[in-house]
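Residues per chain, in single letters:
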Amino acid sequence: MRRALGLILLALGVFAVAGAVLLPTYVYPKLAKVPLDQDSTSVLEGTASKVLAVTDKGAGPVTEIRKDASLTATARVQANFARPEMRADTDYAVWLLAVQVKDDKDGTVVSASKRQVCFDRRTAEGYDPRGDADPKCTKESSYVTELKDKADKDGEKPPEQNVPKAQPGLNFKFPFGTEQKDYPVYDDNTGTAVTARFTGTEEVNGIETYKFVQTIGDTKLETKKVPGSLVGLTDPTVDADLYYRGINTMWVEPVTGIQVKQQQQQHQELRPATGAPTVVFDGTLAYNGETVAKMVDQVNENKGKLEFLSSTGPLWLGIGGGVMIVGAVYLLARRRPAAPPAPRQRRHRVPVGADR
């Protein structure tokens, strides 16, 4: 009975120790990936001391600089299952991000952008194509949407075109198991990966987060043709360079890599060849309370599962397996107690002459 119990404990112990090794090294990497299916909306709210608005009330486009505007930005992320990378067994996903910023006063759209990116489902890094030798994502799966230089007809808005563009750095989120270190994060405005520096920890709605700050220095984005009146000149149209700088702050839950909170401070100005610069945007937007609450719910839904696979599960399986193996060795190695000695048989002496 003791030997049978020892063998059972030994088998269970070995199984538990194997599970402790396999959970973080095999199971966790297989399951710690963002889902392919995605359709979510985030809302940022804030104010701008100055913002450029273009309106058209029937007499042609009118450009104006609005002051002290309340703004709402809506960012929608959708999966694109039409792309060949979107397979159940893939490590890559293709998501489309569309952002629209409106003036709360009258609903005027003051900014809009759209981009699609193929990125690593584990690390959240945008794929940087390296040719046919490394074809994880097709070139067409990552693009930014731009307006063509000219409209098809006078008085109309130029049509959109999708321009293939790699988007390196982190996209949409941080990696699972985010560390206290700096990360390259893709910046929509400059179209490049800019370092987000780890600055410490902070609690957001009861969730401990890592705080990262991404600082973008004064950067020329493009040269645009703008009305001379917009930049204080008398010419009907002039060329002006659009410059941008900003500070993006991200509060990240480290186990899931989810950005629980986000804030964007941006400044943009037009610089003509002559004359003073004209500020066309200066403001700050941040996740509203509802969006922060949704992100916290996502953290609470997934954090425990990931921790079980990567830390708590292996810890308890390792401890339990070790205890069972020690117990099994003790039972199997322990000798059976020696049997008590048989009673000595007394020899009966026969008196001399008794058989006579």
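Scroll up to find the structure.
Here's what I pulled together on the structure shown here. If you're wondering where the values come from, they're calculated on a predicted model, not measured in any experiment. (Residues numbered from 1 in each chain as written. Predicted model: local features only at pLDDT ≥ 70, side-chain atom pairs only at ≥ 80, totals over all residues. Heavy atoms only, no water.)

**Thoughts on the sheet that holds strand S1 (residues 39-56)**
Now for step 1: Taken in spatial order, the twelve strands make up an open sheet running S6-S5-S4-S3-S2-S1-S12-S11-S10-S9-S8-S7, and their pairing is antiparallel. Strands with a single pairing partner mark the edges of an open sheet, and in this sheet they are strand S6 (160-164) and strand S7 (183-187). Looking at each pair of strands side by side, their axes are set apart by 25 degrees on average, direction ignored.
Now for step 2: Judged from the 17 bridges that link them, S1 and strand S2 (residues 61-79) form a sheet pairing that is antiparallel. The partner of alanine 53 across the bridge, within S2, is glutamate 64. (Pairing = 2+ DSSP bridges. Helix = DSSP H or I, 4+ residues; strand = E, 2+ residues; numbered from the N terminus. Axes fitted to C-alpha atoms, helices over the stretch in contact; angles between N-to-C directions.)

**Remarks on the pattern of salt bridges**
Side-chain pairs of opposite charge can arise where the charged atoms are in close proximity.
Now for step 1: Considering all chains together, one arrives at 16 salt bridges under this definition.
Now for step 2: One salt bridge in this structure joins glutamate 160 and lysine 114, with 3.7 Å as the shortest N-O distance. Of the two residues, glutamate 160 sits in strand S6 while lysine 114 sits in strand S4 (residues 109-120), which places them 46 residues apart along the sequence.
Now for step 3: Salt-bridge contacts for aspartate 241 lead to lysine 220; the nearest nitrogen and oxygen are separated by 3.6 Å. In this pair, aspartate 241 is assigned in strand S10 (residues 237-252) and lysine 220 in strand S9 (residues 207-227), connecting sequence segments 21 residues apart.
Now for step 4: Accessibility expressed as a relative area gives 43% for lysine 220, which makes it partly exposed.
Now for step 5: What you see here is one network of salt bridges that share partners, running through Glu64, Arg66, Asp103 and Asp106. (Salt bridge = Lys/Arg side-chain N within 4 Å of Asp/Glu carboxyl O. Buried < 20%, exposed > 50% of the residue type's maximum accessible area, 1.4 Å probe, protein only.)

**Points about the environment of threonine 249**
Now for step 1: Checked against the element boundaries, threonine 249 lands in strand S10.
Now for step 2: Here the alpha-carbon distance between threonine 249 and lysine 211, two residues 38 residues apart in the chain, equals 7.2 Å.
Now for step 3: When residues no more than four places from it in sequence are discounted, the contact partners of threonine 249 are Lys211, Phe212, Val213, Lys261, Gln262 and Gln263. (Contact = heavy atoms within 4.5 Å.)

**Topic: the state of the cysteines**
Now for step 1: On inspection of all chains with the given rule, the structure shows one disulfide.
Now for step 2: Two residues share a disulfide in this structure: cysteine 118 and cysteine 137, whose sulfurs sit 1.9 Å from each other. Given an S-S torsion of about -60 degrees, the disulfide between cysteine 118 and cysteine 137 has left-handed geometry. Of the two residues, cysteine 118 sits in strand S4 while cysteine 137 sits in the loop between S4 and strand S5 (143-147), which places them 19 residues apart along the sequence. Across the pair, cysteine 137 and cysteine 118 agree in class, each one buried. (Disulfide = S-S within 2.5 Å.)

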